Structures are given as structure tokens and as C-alpha cells.
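Inside the fold
Here is what each chain is made of, one letter per residue.
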Amino acid sequence: YKVYRDGYTMQRALVFEFPHDPVAQTIADQFLWGDSLLVAPIVSQQDHLRAARTVYLPSARGWIHFWTGELHPPGVTTVPAPLDQVPLFVPQGGIIVLGPFLQYATQYLGLSRQPAMEVRVYPGASGHFVLYEDDGHSAAYRTGAYTTIQFTYDPPTLTIGARAGEYAGMWRGKPL
């Protein structure tokens with residue numbers, strides 16, 4: 001949504017979000033994905049062999065390990081990194097909406113009801129997220145055929161706004 005609307009980028013180097021952080025300026029093997037994920041892939045044979053990864057967490061706020069829920073302060077940390085679990089971190093206040101595993105965007109079209117989505121809120125700070133949806137296969141979003149739902153976390157309350165917009169074939173209810 002932000003990519004189309006604002007010319008934003010889904011994947012960004014740490015320095016893109018933390019330009020005044022001298023350590024972030026030197027990190028070439030971690031990146032930010034969307035608004036709320038820091039990704040630290042296994043890129044060295046040493047990390048692979050020890051099944052661990054040293055990660056730099058910028059100083060914006062604390063970071064929560066996506067897989068374990070453990071809070072990590074800003075700075076350098078080493079975390080387990082088995083091959084089937086890329087180290088992922090979410091900043092405090094991050095909001096992530098997870099849907100079902102799909103192999104392609106239109107996989108669930110034709111189902112009688114939309115699969116449930118999971119909303120995860122990572123406590124410790126306020127946060128905001130916009131859930132964007134379109135038909136998944138056409139360019140109709142360019143003419144406004146999409147929906148958005150605003151999520152705002154002001155501890156301890158999560159507010160989920162009304163769905164705005166519409167597109168052909170959308171489900172009328174949203175199981176969260």
C-alpha cells in the first residue's frame with residue numbers, strides 16, 4: 001500500500017530508517033521488511049555451523065524476537081538461528097497481521113468464507129498499522145479498488161478502525 005501510494009519500499013537497509021546511527025550505517029546483512037520487521041538472515045558459513053546469529057538492533061526502542069517473544073534491548077545480541085527460523089525482530093509497539101499460509105495471492109478465492117487472520121501487538125510502546133487488501137490479481141487498485149483497516153495501539157488498548165473502501169469479490173466480514 002505504501003509502496004504504491006507513497007513510493008515507499010518494502011525492503012530497506014537499516015540506515016534508511018536510522019540514518020544517524022553510526023552502527024546501522026555499517027550493517028549490510030540485515031534489513032527492514034515493511035513497517036515492523038527486522039530480518040537478520042544467515043549469510044555466513046560460521047553462523048550456519050553454530051546455528052546462531054549476531055544481530056544489531058538499532059536504538060529506536062526495544063525489539064521483540066518474533067519466534068520466542070523475548071524482549072531484547074537495543075544493541076548487539078546473539079540469538080539462535082536454525083535454518084528453518086530466520087531471526088526476525090519486531091519493535092515495541094509493532095503490529096503485525098498474519099493470514100493463512102498461501103502459495104499464491106488468489107489461492108483462497110472461491111472459499112465460502114475468508115480464513116481467519118491473527119493480529120499480534122508487540123507491547124512496550126504505541127503503534128500504528130494499516131491493513132491493505134485488494135483482489136490480489138488485477139491492477140484495479142490503481143483506480144481505488146482496495147480496502148484499508150487502521151490499527152492503533154495506545155497501551156493497553158488496541159483500536160481497530162472500520163474498513164474503508166471496497167473491491168470486487170471482497171468478503172464482507174473480516175475474521176480477526
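Shown above is the structure to which this text applies.
Report follows, based on the coordinates. Quick caveat: nothing in here was measured; it's all calculated off a predicted structure.

With that out of the way, let us pick up the packing of aromatic side chains. Taken as a whole, this structure holds four aromatic pairs when the rule is applied. Geometrically, the ring pair formed by Phe-66 and Trp-67 is edge-to-face, given 4.9 Å between the ring centres and 90 degrees between the ring planes. On the basis of relative accessibility, which here comes to 13%, the residue Phe-66 falls in the buried class. Measuring from ring centre to ring centre gives 5.2 Å for Tyr-132 and Tyr-146, while their planes differ by 40 degrees; the resulting arrangement is tilted.

Our focus in this paragraph is the sheet that holds strand 6 (residues 71-72). Strand order across the open sheet formed by six strands is 1-2-3-8-5-6, with antiparallel pairing between neighbours. Each of the sheet's edge strands pairs with one partner strand only, and the pair in question is strand 1 (11-13) and strand 6. Relative to strand 3 (residues 37-39), strand 2 (residues 31-33) is paired through three bridges, and the arrangement is antiparallel. Considered in strand 3, the bridge of Trp-33 is made with Leu-37.

A few words on the pattern of salt bridges. Using the criterion set out here, one finds six salt bridges in the structure. As a salt-bridge pair, Asp-35 and Lys-2 come within 3.0 Å of each other at their nearest N and O atoms. One end of the pair, Asp-35, is in the loop between strand 2 and strand 3; the other, Lys-2, is in helix 1 (residues 2-6), with 33 residues separating them in the sequence.

Rules and cut-offs
- Residues numbered from 1 in each chain as written.
- Predicted model: local features only at pLDDT ≥ 70, side-chain atom pairs only at ≥ 80, totals over all residues.
- Heavy atoms only, no water.
- Phe/Tyr/Trp six-rings, centres within 6.5 Å; stacked < 30°, edge-to-face > 60°.
- Buried < 20%, exposed > 50% of the residue type's maximum accessible area, 1.4 Å probe, protein only.
- Pairing = 2+ DSSP bridges.
- Helix = DSSP H or I, 4+ residues; strand = E, 2+ residues; numbered from the N terminus.
- Salt bridge = Lys/Arg side-chain N within 4 Å of Asp/Glu carboxyl O.

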